[in-house]
Amino acid sequence: MSLIKVKIDGTEVEVPPGTTILKAAEQAGVEIPTFCYHDALTRPANCRMCLVNTNKAPKLLPACYSTVMDGMEVTTTDPKTEKTRKSTLEFILLHHPVDCPICDQAGECTLQNHYFDHSASKSRSFTRKNHKPKAVEIGPRVTFDAERCIVCTRCVRFCDEVSKSGELQVVQRGERSEISTFPGRSLDNAYSLNTVDLCPVGALTSTDFRFKMRVWFLNSANSVCSGCARGCNIIVDHGENRVQRYRPRYNADVNQFWMCDAGRETYQEFQQQRLDSGRVSGFEVPTKDALSAAAAAIDAFVKERSVDALAFVLSPLSTNEDTWGVLALAEALGVTRFYVGGRAAGQADELLVLADKNPNRKGLETLLAARGLTAEPLSALTTGIASGAVGGVVWVGHEHPRNAPLEAALQKLALRVVLTSNASVWSTGASVIVATRTFEESDGTWTNAAGKTQRLFRALEPLREIPPTWDAAARIGRALSAALPLWLSARSVFDELVRAAPTLATTWDGPSGRKQGRPDVPNPGFRAQAFPRRG
Amino acid sequence: MGYKVNRPEFTLAENAYFVEMAKGIGVATKHLVENLASRKHTVTREYPEQQPEYAARYRGQHRLMLRDDGRARCVACMLCSTACPAKCITIQAGDYGDDQVEKYPIKFEIDLLVCVYCGMCEEACPCDAIRMDSGVHAAPELHRAASRVGKVDLLRLGELSIAQQGGTFR
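Caption draft 1: Main features of the overall build of chain A. In terms of helices and strands, chain A carries 14 helices and 23 strands. Each of the three principal axes of chain A carries a C-alpha extent, and together these read 90 × 70 × 45 Å. Out of the 535 residues belonging to chain A, those deemed buried represent 55%. Contacts in chain A between residues at least 24 apart in sequence constitute 63% of all its contacts with a sequence separation of at least 6. Total accessible area computed for chain A in this model is approximately 23100 Å², and 52% of it derives from carbon and sulfur atoms.

The structure is reproduced here in C-alpha cells:
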C-alpha cells in the first residue's frame, strides 16, 4: 500500500494509511502530550490533552485517535492548540488537590510534567475543591486516592483488556466521577500493580512502596526479574543501597510493558537474612579467611575421603557467570556429582507467569551440557547421603524449598561449604559459609525459558568486600592450586562461557539504564550506627 | 609602578632597646592594674552566663512548627532534605490514612554537627513546618550523638504557625 505524506509542525513524514496523528508525530520527532493514551491499551480519547490543529477539520482533533489523511498538515504549537491544552489542564486541575508534597507520584507525575510544560498558570477557581475518599485500600497491594484521579481510565482498560479480570469501573458522572471496584470485589488480580505504573497521577499507588522514599532520591539500573523463568525486563529502583521497588521495562519479545505482582515482591527475599560476612564454624570472618577456610576444608576432605564423595549443589537462580565459575571449580577438582536445587514449581497463568520459578534453569542446563556434565534433582541428594556415596557438599544458593529428610541428612555430612548471599536452613550448621553477592549487586546474564539470554546490570554497591560467586569459586580453586583462569570481571567469565556455549550470546554492553538520584552510601545509615543517639 | 614607603629611621633611644622595653612593660602593667581594678580593657564575654544579642534574622537551631491540634505541621515531603546541601536531615515518612493530611514524619532527625546553617530547609518547606528562628544557639555537646536532634526536641521549640495549611481559598 502506498504511503501517505503528512506534514507535522513543518516536518514532512511518510506513514502508512491508518496511522494515528500521534504515531506520525512520534516519527517526525514531535511530542504530543497525552494522559489516557497507552500503546498497549485501547484509545478512548477522553483526556483531550492530545488535541491538535489540522487543515482537514474546523475543530481540533485528538491525535491519539484520529488517523492521518493525505496532505494533512498538523500543528502542535500554534496558539489555538496551546490555548486548548491550557484549558484542558485547567479543567483537569479544577478538582485535583495540589498536595504534591504529600503525593507519592510527585517527581514522576505526568500531570505535574504537563502542567509545567504547557500551563504553569495560577488557579482561577474560587470554589472549594471536591473532597473524595483518600487512602482507600482498593486492593491488597494498591492504595487509591479518589481526589487525585483524573479519570483517564487507563487502569479500567488494563483490567478489562490485559489482565482480563475487569474489577474496575467508573462510577458517578462529571466532576463526581471516580474509579471504583464492582461491589464485593477488590483489585486483587495477579497484575494489579501495573495499574500503579499506568496511573499518570498519584491516584493509584503501591501500598508497599508508598511513602518509602521520594522518587527523585532513587537510583536505577536495568535488570531482569528473578520471580520465574519468563525473565521479565525490569528496572531496579534503589536508594540507600537497598532495593526499594521493581518496575517493568518494555521488551516486545518478553513481557511487553508488564510484570506480575509476585515478581515485584521478590526483592524482599534477597533482603532477609542477608549475609554481610563469611562464617567459619558459626563465627563471622572476613571474606578472605572464609575463602581460605573453604579451600582448606575441601582439600582435607578430598585427601581423607575421595573426590568421588564430593557433590556440588547448583542453583538455577545463579547467573550464568556464577554457574560457570562454580562448574570450573568442580571440574578442576574432578567432581562428577551435581545436584540442581532451586525454587519449587508453582502456578502458571496465560499472561506472563511460568510454572518454573527459577530465572536461569535454561542457562544452567546449557552450561552443564557445554561441559558435558549431568545433574540430578536436589531430592536425590537425600538417598545419595543415606547410601554413603556423598560425604561432603559445596552448596550454592539459598533458594531451595524446605525438605525435612534432606535437612536431617545434611547434618551427617563431614563437609558443607556454602556459597550464598542470604542465610537459610541450608546454610545453618555449615562448616564454612562464603557470603556472595545477590544478582542485584553483580553484573551477569540470565537465560529465560525461551532461551533468550538477558543482561543484568549491577544496581547496588556490594556490602564490604563481598565477591560474586564466580570470583569466590575461582579464589577457592586458586587456593587449592587448581588451574583456573584468572577472570578479572564478569565480562571475562561471560566471554569464556559464550565460547563454550554460543547459544548464550547476548549484547553485554546494552543500555544499562543507570540513573543517579542520590549517591548510594555503601553502609546505609552509617552515621546513625557509628553515633547512636543517647538519652 | 611602585610607590615610596616612608620608613622612619630609629632614634638612638629606640636603638638602645632598654628604654622601649621599659615603656612596653609600663603599658602592660597599667592594663593589668586597670583590669584588676575594673576590667577596663577586657572584651571577653562570660559565655554562657552572659548571652550574646542575636539579630532578628539569626539562623539558630531548627524547630518544627505545630498545627492547631498540637501535631507537627511537617508532612514528610522531604523537600528540606532534598534542598539540604549538607544532607543532614533524615526523615522517615508515616501514614495517617484517610486524614486531611495523610503523611507525617515518624522520624525527623537533624545532625547539628553536619548542618551548615544555610537556611535552605526553611526556604524549601512548603508548609512553614521547619524554621530556624528559635534564637537558640546550637549547644556544644560532649558526644556527637547528642547533636543529632530528633522530632521531640525539634517540636519542643515549636509553636503555632499563622500560615494556613494547604494554602488559602480565595
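Still more ground to cover, so stick around.
Caption draft 2: Spotlight on the pattern of salt bridges. Under the counting rule described, the total for this entry stands at 42 salt bridges over all chains. A network of salt bridges, in which partner residues are shared, links D99(A), K134(A), D145(A), E147(A), R148(A), R210(A), D95(B) and E102(B).

Caption draft 3: Quick look at the sheet that holds strand β11 (residues 219-224) of chain A. All names here are of chain A. One open sheet accounts for three strands, arranged β11-β12-β13; its pairing is antiparallel. Edge positions in the sheet fall to β11 and β13 (242-248), since each of these pairs with one other strand and no more. Between one strand axis and the next, the sheet turns through 30 degrees on average, direction left out of account. Across six bridges, the pairing between strand β12 (residues 233-239) and β13 is antiparallel. Paired with G239 across the bridge in β13 is R242.

Caption draft 4: How the structure looks around helix α3 (residues 110-118) of chain A. For α3(A), the full list of buried residues reads L111(A), Q112(A) and H114(A). A positive phi of about 50 degrees marks A120(A), the residue just after α3(A).

Caption draft 5: Representation of the packing of helix α8 (residues 320-333) of chain A against helix α12 (residues 469-479) of chain A within the structure. All names here are of chain A. Between α8 and α12, the shortest axis-to-axis distance is 7 Å and the interhelical angle comes to 15 degrees. Taken together, the axis directions place α8 and α12 in an arrangement best described as roughly parallel. Two packed elements cross with a definite hand, and for α8 against α12 that hand is left-handed. Together, E321, D322, G325, V326 and L329 of α8 and T469, W470, A473, I476 and G477 of α12 make up the contact between the two elements. For the contact of α8 with α12, the class distribution of residues is five nonpolar, three polar and two charged.

Caption draft 6: Broad picture of the pairing of strand β20 (residues 415-420) of chain A. All names here are of chain A. Counted residue by residue, β20 has six buried out of six residues, so it is predominantly covered. Residue alternation in β20 divides its side chains into two sets, L415, V417 and L419 and R416, V418 and T420, and both sets are buried. Bridge count for strand β19 (residues 392-396) against β20 is five bridges, and the pairing is parallel. Looking at β20, one finds that V396 is bridged to L419. Here β20 runs beside strand β21 (residues 432-435); their pairing, made up of four bridges, is parallel. Residue pairing across strands places T420 opposite A435, the latter belonging to β21.

Caption draft 7: Structural view of the pairing of strand β3 (residues 103-111) of chain B. Strand direction decides the pairing type here: strand β2 (residues 89-95) of chain B and β3(B), joined by seven bridges, are antiparallel. Residue pairing across strands places T90(B) opposite E109(B), the latter belonging to β3(B).

Caption draft 8: Focus on the side chain of T420(A). Residues and elements named next belong to chain A. Inspection of the secondary structure puts T420 in strand β20. A relative accessible area of 1% means that T420 is categorised as buried. Here the side chain of T420 touches N422 through a polar contact of 2.9 Å, landing on its backbone oxygen. Those residues in contact with T420, other than ones at most four positions away along the chain, are L275, G397, H398, S427, I433, V434, A435 and T436.

Caption draft 9: How the structure looks around the interface of chain B and chain A. Contacts between chain B and chain A engage 33 residues on the former and 23 residues on the latter. Overall, the association of chain B and chain A removes approximately 2400 Å² of surface from exposure, summing both partners, and the carbon and sulfur fraction of that is 55%. Across the contact surface, chain B and chain A share four salt bridges. Notably, a salt bridge pairs D95(B) with R210(A), separated by 3.1 Å at the nearest N-O pair. One can count five residue pairs in polar contact (both at pLDDT 80 or more) joining chain B with chain A. Where the side of chain B that touches chain A is concerned, the elements lending two or more residues are α3 (79-83), β2, β3 and β5 (148-149) of chain B. When its residues are assigned to classes, the side of chain B that touches chain A shows 15 nonpolar, six polar and 12 charged.

What counts, and at which threshold
Residues numbered from 1 in each chain as written. Chains lettered and ligands numbered in written order. Predicted model: local features only at pLDDT ≥ 70, side-chain atom pairs only at ≥ 80, totals over all residues. Heavy atoms only, no water. Helix = DSSP H or I, 4+ residues; strand = E, 2+ residues; numbered from the N terminus. Buried < 20%, exposed > 50% of the residue type's maximum accessible area, 1.4 Å probe, protein only. Contact = heavy atoms within 4.5 Å. Areas by Shrake-Rupley, 256 points an atom, 1.4 Å probe, with all protein chains shown as cover. Salt bridge = Lys/Arg side-chain N within 4 Å of Asp/Glu carboxyl O. Pairing = 2+ DSSP bridges. Axes fitted to C-alpha atoms, helices over the stretch in contact; angles between N-to-C directions. Parallel < 35°, antiparallel > 145°, perpendicular 65-115°, else oblique. Left-handed = near helix turned anticlockwise from the far one by under 90°. Nonpolar A, V, L, I, M, F, W, Y, C, P; charged D, E, K, R; others polar. Polar contact = N/O pair within 3.5 Å; in protein donor to acceptor, adjacent residues only side chain to side chain. Buried area = accessible area lost by both parts, 1.4 Å probe.

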